[in-house]
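Coordinate inspection notes
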Amino acid sequence: QKEVEQNSGPLSVPEGAIASLNCTYSDRGSQSFFWYRQYSGKSPELIMFIYSNGDKEDGRFTAQLNKASQYVSLLIRDSQPSDSATYLCAVNGRNSGNTPLVFGKGTRLSVIA
Amino acid sequence: DVKVTQSSRYLVKRTGEKVFLECVQDMDHENMFWYRQDPGLGLRLIYFSYDVKMKEKGDIPEGYSVSREKKERFSLILESASTNQTSMYLCASSLTLNYGYTFGSGTRLTVV
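What this report covers is the structure whose coordinates are included nearby. (Residues numbered from 1 in each chain as written. Chains lettered and ligands numbered in written order. Predicted model: local features only at pLDDT ≥ 70, side-chain atom pairs only at ≥ 80, totals over all residues. Heavy atoms only, no water.)

1. Topic: the state of the cysteines
The term disulfide refers to a covalent linkage connecting the sulfur atoms of a pair of cysteines. As a reminder of what qualifies: Any cysteine sulfur atom paired with another within 2.5 Å is treated as part of a disulfide. A run of H or I in DSSP counts as a helix once it spans at least four residues, and a run of E counts as a strand once it spans at least two, with each numbered from the N terminus. Whether a residue is buried, partly exposed or exposed follows from its accessible area with a 1.4 Å probe, protein chains only, as a fraction of its type maximum: under 20%, in between, or over 50%, in that order.
Here the structure, examined in full by the defined rule, presents two disulfides over all chains. Here A:Cys23 engages in a disulfide with A:Cys89; their sulfurs sit 2.1 Å apart. Between A:Cys23 and A:Cys89 the sulfur-sulfur dihedral comes to about -70°; the bridge is accordingly left-handed. Pair noted here: A:Cys23 is in strand E3 (residues 19-25) and A:Cys89 is in strand E9 (residues 85-91), with a separation of 66 residues, a long-range link. Judged by its relative accessible area of 1%, A:Cys23 falls in the buried class. Between the sulfur atoms of B:Cys23 and its disulfide mate B:Cys91 the distance is 1.9 Å. Given an S-S torsion of about -75°, the disulfide between B:Cys23 and B:Cys91 has left-handed geometry.

Put into structure tokens, the structure is as follows:
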């Protein structure tokens, strides 16, 4: 059974700080990693994806992947109150076979003004 | 703008009713998915389809069935609705199973 684990939070950070969200996964063969943001009462929205070890930056967001340690993280720089949401980590299985993404339960982030 | 459209935002049904939830995508995606989301339980996969007329069970298929007669449309059917099926239902689509998913806006179903 593939598993994706996230701390449920809430993670509270002051406005302007760096928010660090972490995710670990069990399937060592996983190839693709995604971060979704979900505002309360809304559906998840894809904000980042990463396939290779290292960092990937997009604006204020940085995804970090370490396949050896089986974790992926999302850093949000200069956090804003509008970043307050639940962040879902999703991981796919191995490339072969019809295997949907496995989602973590999400970490709730609260940015305090 | 690409879209996944779910037919109803809110739905109230009675116990025992047959319920149809419709989902349409305009991105020519091969794969479509139905999830339910409940507080503390996260997203749980009900069924998915990787081609027209093809379907695969997810983690919680009991009490549900699906239909995919056309590429763009994926329907979730609750054969006999029960109160424990009260939930937020989310449809999603993707180009491949390894690619990111696009979600619809969700249907909040209440079974009374």
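2. Digging into the sheet that holds strand E1 (residues 4-6) of chain B
Pairing between the strands of a sheet is mediated by backbone hydrogen bonds and can be parallel or antiparallel. Residue and element names in this part refer to chain B. Put simply, the rule is: Only strands joined by at least two bridges in the DSSP assignment are considered to pair. All axes are obtained by fitting lines to C-alpha atoms, using only the stretch in contact for helices, and the reported angles, taken between N-to-C directions, cover 0 to 180 degrees.
Spatially, E1-E3-E8-E7 is the arrangement adopted by the four strands of the open sheet, whose pairing is antiparallel. Each edge of the open sheet is held by one strand with a lone partner, namely E1 and strand E7 (64-70). Taken pair by pair, the neighbouring strands of this sheet meet at an average axis angle of 20°, ignoring direction. Pairing geometry for E1 and strand E3 (residues 19-25), over three bridges, is antiparallel.

3. Overview of the nonpolar core
The cut-off we apply is this: Take the buried Ala, Val, Leu, Ile, Met, Phe, Trp, Tyr and Cys residues and link them wherever side-chain atoms come within 4.5 Å; each set so joined is a nonpolar core.
A:Trp35, A:Val72, A:Leu74, A:Ile76 and A:Tyr87 are the most contacted members of the largest nonpolar core, which totals 23 residues. Mapped by element, the contributors of at least two residues to this core are E3, strand E4 (33-38), strand E5 (45-50), strand E7 (61-66), strand E8 (71-76), E9 and strand E11 (107-112) of chain A. B:Val19, B:Met27, B:Met32 and B:Trp34 belong to the second largest nonpolar core, which has 21 residues in total.

4. Some points on the interface of chain A and chain B
Interfaces are often described in size by the accessible area the parts lose on coming together. What counts is decided by this rule: Should any heavy atoms of two residues lie within 4.5 Å, those residues are considered in contact. Buried area is understood as the total, over both parts, of accessible area removed when two parts are fitted together, assessed with a 1.4 Å probe. One speaks of a salt bridge when a side-chain nitrogen belonging to Lys or Arg is within 4 Å of a carboxyl oxygen belonging to Asp or Glu. Three classes are used: nonpolar for Ala, Val, Leu, Ile, Met, Phe, Trp, Tyr, Cys and Pro, charged for Asp, Glu, Lys and Arg, and polar for all others, with Gly counted as polar.
Listed as interface residues are 19 residues of chain A and, on the opposing side, 21 residues of chain B. Roughly 1,600 Å² is buried in total at the junction of chain A and chain B, and carbon and sulfur atoms are behind 54% of that figure. Connecting chain A to chain B are zero salt bridges. At three residues, the largest contribution of residues to the side of chain A that touches chain B is made by E4(A). Looking at the side of chain A that touches chain B residue by residue, the class counts come to nine nonpolar, eight polar and two charged.

5. Observations concerning the sheet that holds strand E1 (residues 4-6) of chain A
All names here are of chain A. Taken in spatial order, the five strands of this open sheet run E1-E3-E8-E7-E6, and their pairing is antiparallel. Of all strands in the sheet, those bounded by a partner on one side alone are E1 and strand E6 (54-58). In this sheet, neighbouring strand axes are inclined to one another by 20° on average, regardless of whether the strands run parallel or antiparallel. As defined by bridge partners, E3 adjoins E8 across six bridges and the pair is classed as antiparallel. If you follow threonine 24 over to E8, its bridge partner there is tyrosine 71.

6. Describing the pattern of salt bridges
Two side chains that carry opposite charge are able to pair once their charged atoms sit near each other. Taken as a whole and assessed by the stated rule, the structure comprises ten salt bridges over all chains. When the shortest N-O distance is used, the salt bridge between A:Glu45 and A:Arg37 registers 3.0 Å. For B:Asp38, the salt bridge identified is with B:Arg44, shortest N-O distance 2.8 Å. Looking at B:Asp38, the relative accessible area reads 12%, which means it is buried. Through salt bridges with shared partners, a single ionic network connects B:Asp28, B:Glu30 and B:Lys71.

7. Describing the packing of aromatic side chains
Put simply, the rule is: Pairing of aromatic side chains here covers Phe, Tyr and the six-membered ring of Trp, requires ring centres within 6.5 Å, and sorts the geometry by plane angle: under 30 degrees stacked, over 60 edge-to-face, intermediate tilted.
By the definition in use, this model includes 13 aromatic pairs over all chains. An angle of 55° between the planes, with centres 6.2 Å apart, marks the rings of A:Phe103 and B:Tyr101 as tilted. Of this pair, A:Phe103 sits in strand E10 (residues 102-103) while B:Tyr101 sits in the loop between strand E9 (87-94) and strand E10 (102-103), on two different chains. Classification of A:Phe103 as buried rests on a relative accessible area of 10%.

8. Thoughts on unusual backbone geometry
Keep in mind that most residues, glycine aside, have a negative phi and that most peptide bonds are trans. Note that the residue after A:Gly9, namely A:Pro10, is joined by a cis bond; omega there is 10°. The phi torsion at A:Gln70 lies on the positive side, around 60°, for a residue other than glycine. Along the chain, A:Gln70 turns up in the loop between E7 and E8. Its identity is not glycine, yet B:Lys53 carries a phi of approximately 65°, on the positive side. One can find B:Lys53 in the loop between strand E5 (42-49) and strand E6 (56-57). Judged by relative accessible area, which is 58%, B:Lys53 ranks as exposed.

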